[in-house]
Amino acid sequence: MASAEEFEQGDALREQRLGPVVRRHGQVQHSTTDQRLLDTAGPSDWLHQDPWRVMRIQSEFVEGFGTLTEVGPAISVFGSARTPEGSPEYEAGVRIGRALVEAGFAVITGGGPGAMEAANKGAREAGGTSVGLGIELPFEQGMNQYVDIGVNFRYFFVRKTMFVKYASGFVVLPGGMGTMDELFEAITLVQTRKVTRFPIVLFGTDYWRGLVDWLRATVAPSGKISPHDMELFHLTDDVDEAIALVTKETSGKGAPGDGFRAEDPD
């Protein structure tokens, strides 16, 4: 270990130990961690560096887990932000949100407008817990007015973890790229047994039929998926059937996050 005299000589210090990090030669820092912490006039570029991003990602997980862990049994409802209010799809979302609460579940959506707003509205009107998990986007959407508990995320992958960890099943209303991303994320997690199996319901046969037919007629016969994988989700137009399907594999009494990762002892 270098002496104080050697440290003051500057060039004489060829090795510096900063916790678990060893710095040598031109990488030696001539200020202390405390100095950099307390120097309010110091550079701010560290805010945009990966080590800080790791801490910010960690903080999003902590905030999400801490907020949602006591929500109770819940169902995640996905759907398009572009679904117009008053449309049949919007009204179906309202009825689904209401029926899920009546079945004993909280409702989790992406917190935005359209189909997400519809499900939150139904949950709120039924006196249940209405949760919105928002995402930072270049075009601001904001949290819809029917959300009781809202959490905004910077990172999609953190947000998607919350959708899965605190849900007992998924209802997927007609939607675009984001909805399909969430749908196939859920199917993949079930297919690969990264989660204990839970029900996935596609609502709207006219909308989803082309995708389902393509999976069955093209993807499965080519060996890209197993025919059994087509049983990982259900398709319906009936609200009551959707609720029955999404709740049939859970009593509604399990703790949030039960079985999130089948191989995870936590």
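Residues numbered from 1 in each chain as written. Predicted model: local features only at pLDDT ≥ 70, side-chain atom pairs only at ≥ 80, totals over all residues. Heavy atoms only, no water.

## Side note on the packing of aromatic side chains
For any pair of aromatic rings, the description consists of the separation of the ring centres together with the inter-plane angle of the planes. Applied cut-off: Each Phe, Tyr or Trp ring (for Trp, its six-membered ring) is paired with any other whose centre lies within 6.5 Å, and the angle between the two planes then decides the class: stacked below 30 degrees, edge-to-face above 60, tilted in between. In this description a helix means any DSSP run of H or I spanning at least four residues, a strand means any run of E spanning at least two, and both kinds are numbered starting from the N terminus. Exposure is judged per residue with a 1.4 Å probe applied to protein chains only, and the accessible area is read against the type maximum: over 50% gives exposed, under 20% gives buried, and values in between give partly exposed. Both a distance and an angle decide whether a charge sits over a ring: NZ of Lys or CZ of Arg must be within 6 Å of the ring centre and within 35 degrees of the ring normal.
Within this structure, the stated rule accounts for seven aromatic pairs. Geometrically, the ring pair formed by Phe78 and Phe163 is edge-to-face, given 5.0 Å between the ring centres and 85 degrees between the ring planes. Residue Phe78 is located in strand S3 (residues 74-78), and its partner Phe163 is located in helix H6 (residues 156-165); the two are separated by 85 residues in the primary sequence. There is no split in this pair, since Phe78 and Phe163 are both buried. What links up through ring pairs into an aromatic cluster is the set Phe78, Phe163, Phe170 and Phe198. Sitting over the ring of Phe65, Lys165 keeps its end group 5.6 Å from the ring centre. Above the plane of the ring of Tyr166 lies Lys165, whose end atom (NZ or CZ) is 5.6 Å from the centre.

## Observations regarding a negative patch on the surface
This is how the line gets drawn: Each patch is assembled from residues with relative accessible area greater than 30% and no salt bridge, linking like charges that lie within 9 Å and nonpolar side chains (Val, Leu, Ile, Met, Phe, Trp, Tyr) that lie within 5 Å. Note on areas: Shrake-Rupley with a 1.4 Å probe; residue coverage comes only from the protein chains shown. The rule for a salt bridge is simple: a side-chain nitrogen of Lys or Arg has to be within 4 Å of a carboxyl oxygen of Asp or Glu. Under the counting rule used here, the positive set is Lys and Arg, the negative set is Asp and Glu, and His together with the chain ends is not counted. Lys charges are placed at NZ, Arg charges at CZ, Asp charges at CG and Glu charges at CD.
A contiguous patch of negative charge on the surface is contributed by Asp206, Asp237, Asp238, Asp240 and Glu241. One can find Asp237 in the loop between strand S9 (234-236) and helix H9 (239-247).

## Concerning the nonpolar core
Side chains that are nonpolar tend, in soluble globular proteins, to be buried together. Formally: We call a set of buried residues a nonpolar core when its members are Ala, Val, Leu, Ile, Met, Phe, Trp, Tyr or Cys and they connect through side-chain atoms within 4.5 Å of each other. Every residue pair with non-hydrogen atoms within 4.5 Å of one another is taken to be in contact.
One finds Leu133, Phe170, Val172, Leu183, Ile200 and Phe233 to be the most contacted residues of the largest nonpolar core, which totals 39 residues. Ignoring sequence-local partners within four residues, the contact set of Ile200 consists of Phe170, Val172, Leu183, Ala186, Ile187, Val190, Leu232, Phe233 and His234. Grouped together as the second largest cluster of nonpolar side chains are 21 residues, Val77, Leu100, Val107 and Leu173 included.

## Observations regarding the confidence of the model for the chain
Note the following rule: Within a predicted model, pLDDT stands for the predictor's per-residue confidence, ranging from 0 to 100.
Residues at a pLDDT of 70 or more form 81% of the chain, whose mean pLDDT is 85. Throughout residues 1-12 the model reports pLDDT below 50, and contacts reaching past four residues in sequence, or to other chains, amount to seven contacts. Below a pLDDT of 50 lies the segment residues 252-266, which in the model reaches 27 contacts outside its immediate sequence neighbourhood of four places, other chains included.

## Brief notes about the side chain of Arg159
Here Arg159 shows up in helix H6. Classification of Arg159 by relative accessible area gives buried; the value is 5%. Beyond its immediate sequence surroundings of up to four residues, Arg159 is in contact with Gly110, Leu133, Gly134, Ile135, Phe153 and Glu182.

## Some thoughts on the pattern of salt bridges
Between side chains of opposite charge, a pair can form as their charged atoms come close. Enumeration according to the criterion identifies six salt bridges in this entry. Asp148 is paired through a salt bridge with Arg124; the nearest N and O atoms lie 3.4 Å apart. Of the two residues, Asp148 is situated in the loop between strand S5 (130-135) and strand S6 (149-153) and Arg124 in helix H5 (residues 115-125); the sequence distance between them amounts to 24 residues. On the accessibility criterion, Asp148 (40% relative accessible area) is partly exposed. Here Arg124 falls in the partly exposed class, since its relative accessible area comes to 41%.

## Here we look at H5
Among the 11 residues in H5, nine count as buried, and that is most of the element. Listing the buried residues of H5 in full gives Ala115, Met116, Glu117, Ala118, Ala119, Asn120, Lys121, Gly122 and Ala123. Contacts from the buried residues of H5 go to S3, helix H4 (88-102), strand S4 (106-109) and S5. A positive backbone phi angle near 80 degrees is found at Gly127, which sits one or two residues after H5.

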